[in-house]
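# Structure at a glance
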Amino acid sequence: MLGLRGSVGTVSEIGLRLLQNLSLRGVRVQCINIGGGVGEIPDSKRLRIALQHIHGIGRSRARQILAELSIENKLARELTGREAYSLREELSRYMTGHDLHNQVTKDIARLMEIQSYRGIRHSQGLPCRGQRTHTNARTWKGKAVAIPGKKKA
């Protein structure tokens, strides 16, 4: 027991020495963590644009949030603590980030489970909103594969 405790103590001392010797020259903080599981926004951009870096927040939602909070469209690094807190509270009202991604995944899985048209198209890897697939839809179908024996006219 004593030997184990002594070795753990030495390991933690070594870790502290390494942290003290580690220099962070040239490293800058470039994002502001909004907190609450919402995510980070870049601090060098204006709020209307910076909010759009959060998955689930688009142009109109960002404009709507800033209007409701009556925050001017300033650089994100210039936010005060009170403004950041109110922004965090407002963003927690919306489904964003991983929660939104998980919800969309569950919705698509449900469509495939009930064998709806959209679910079948998702499972086949084809577009499900009515786009043509005879010549296009390469994103969904993948890279074109040449058929051997078929000659081009």
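Structure: see above.
## Structural notes on the overall build of the chain
Counting its secondary structure elements, the chain contains seven helices and two strands. Helices and strands appear in the chain in the N-to-C order α-β-β-α-α-α-α-α-α. Here the chain holds 153 residues, and 24% of them are scored as buried. Put simply, of all contacts in the chain between residues at least 6 apart along the chain, 41% involve residues at least 24 apart. Counting every atom, the chain has about 12100 Å² of accessible surface; 54% of that belongs to carbon and sulfur.

## Details of the nonpolar core
Soluble globular proteins tend to bury their nonpolar side chains together. Membership of the largest hydrophobic core comes to 17 residues, with the highest contact counts inside it found for Ile-41, Leu-47, Leu-51, Ile-57, Ile-65, Leu-87 and Leu-91. Residue assignment for this core shows that the elements contributing at least two residues are α2 (47–50), α3 (59–69) and α4 (81–91). A total of four residues in this core trace back to one element, the largest contributor, which is α3. With near-sequence residues (within four places) excluded, Leu-51 lies in contact with Ile-41, Ile-57, Ala-62, Ile-65, Leu-66, Leu-87 and Leu-91.

## Quick word on α4
Along α4, the residues classified as buried are Ala-84, Leu-87, Glu-90 and Leu-91. Buried positions in α4, seen along its axis, are confined to an arc of 125 degrees and lie on one side of it. In this structure, α4 carries Gly-81 and Arg-82 as exposed residues pointing more than 90 degrees from its buried face.

## A few points about the pattern of salt bridges
Tallying each qualifying case throughout the model produces three salt bridges. Between Glu-83 and Lys-74 there is a salt bridge whose closest N-O contact spans 2.7 Å. Judged by its relative accessible area of 11%, Lys-74 is buried. Each of the salt bridges in this network shares a partner with another, and the network as a whole consists of Glu-68, Glu-90 and Arg-93.

## Remarks on the packing of helix α5 (residues 97–113) against helix α6 (residues 117–124)
For the pair α5 and α6, the least separation of the axes is 7 Å and the interaxial angle reads 105 degrees. Of the possible angle classes, the one that applies to α5 and α6 is roughly perpendicular. Of the residues in α6, those in contact with Ile-108, Leu-111 and Met-112 of α5 are Arg-118, Gly-119, His-122 and Ser-123. Of the residues in the contact of α5 with α6, the class split is three nonpolar, three polar and one charged.

## What to know about unusual backbone geometry
The phi dihedral of Ser-70 is positive, around 50 degrees, even though this residue is not glycine. Tracing the chain through its elements places Ser-70 in the loop between α3 and α4. In the Ramachandran plot, Ala-137 falls in the positive-phi region, its phi being about 70 degrees despite a non-glycine side chain. Topologically, Ala-137 is positioned in the loop between α6 and α7 (138–141).

Cut-off values and rules
- What you see as residue numbers is a count from 1 along each chain, following the sequence as written.
- Only residues with pLDDT of at least 70 get local features here, since the model is predicted, and only at 80 or more are side-chain atom pairs given and counted; chain-wide, interface and lining totals rely on the full set of residues.
- No hydrogens and no water enter the side-chain calculation; it runs on all heavy atoms of the structure.
- A run of H or I in DSSP counts as a helix once it spans at least four residues, and a run of E counts as a strand once it spans at least two, with each numbered from the N terminus.
- With a 1.4 Å probe rolled over the protein chains alone, any residue whose accessible area is under 20% of its type maximum counts as buried; one over 50% counts as exposed, and the rest are partly exposed.
- Every residue pair with non-hydrogen atoms within 4.5 Å of one another is taken to be in contact.
- For every accessible area listed, the method is Shrake-Rupley and the probe measures 1.4 Å; residues are considered covered only by the protein chains on display.
- Here, nonpolar core means buried Ala, Val, Leu, Ile, Met, Phe, Trp, Tyr and Cys residues that are tied together by side-chain atoms lying within 4.5 Å of each other.
- In this description, the arc belongs to the directions extending from the helix axis to the C-beta atoms.
- Salt bridges are identified by distance alone: a Lys or Arg side-chain nitrogen within 4 Å of an Asp or Glu carboxyl oxygen.
- Structural elements are reduced to axes, namely lines fitted to C-alpha atoms, with helices fitted over the stretch in contact, and the angle between N-to-C directions of any two is expressed from 0 to 180 degrees.
- Between 65 and 115 degrees an angle is taken as roughly perpendicular, under 35 as roughly parallel, over 145 as roughly antiparallel, and anywhere else as oblique.
- Note that Gly is not counted as nonpolar here; it falls among the polar residues with everything else outside the nonpolar set of Ala, Val, Leu, Ile, Met, Phe, Trp, Tyr, Cys and Pro and the charged set of Asp, Glu, Lys and Arg.

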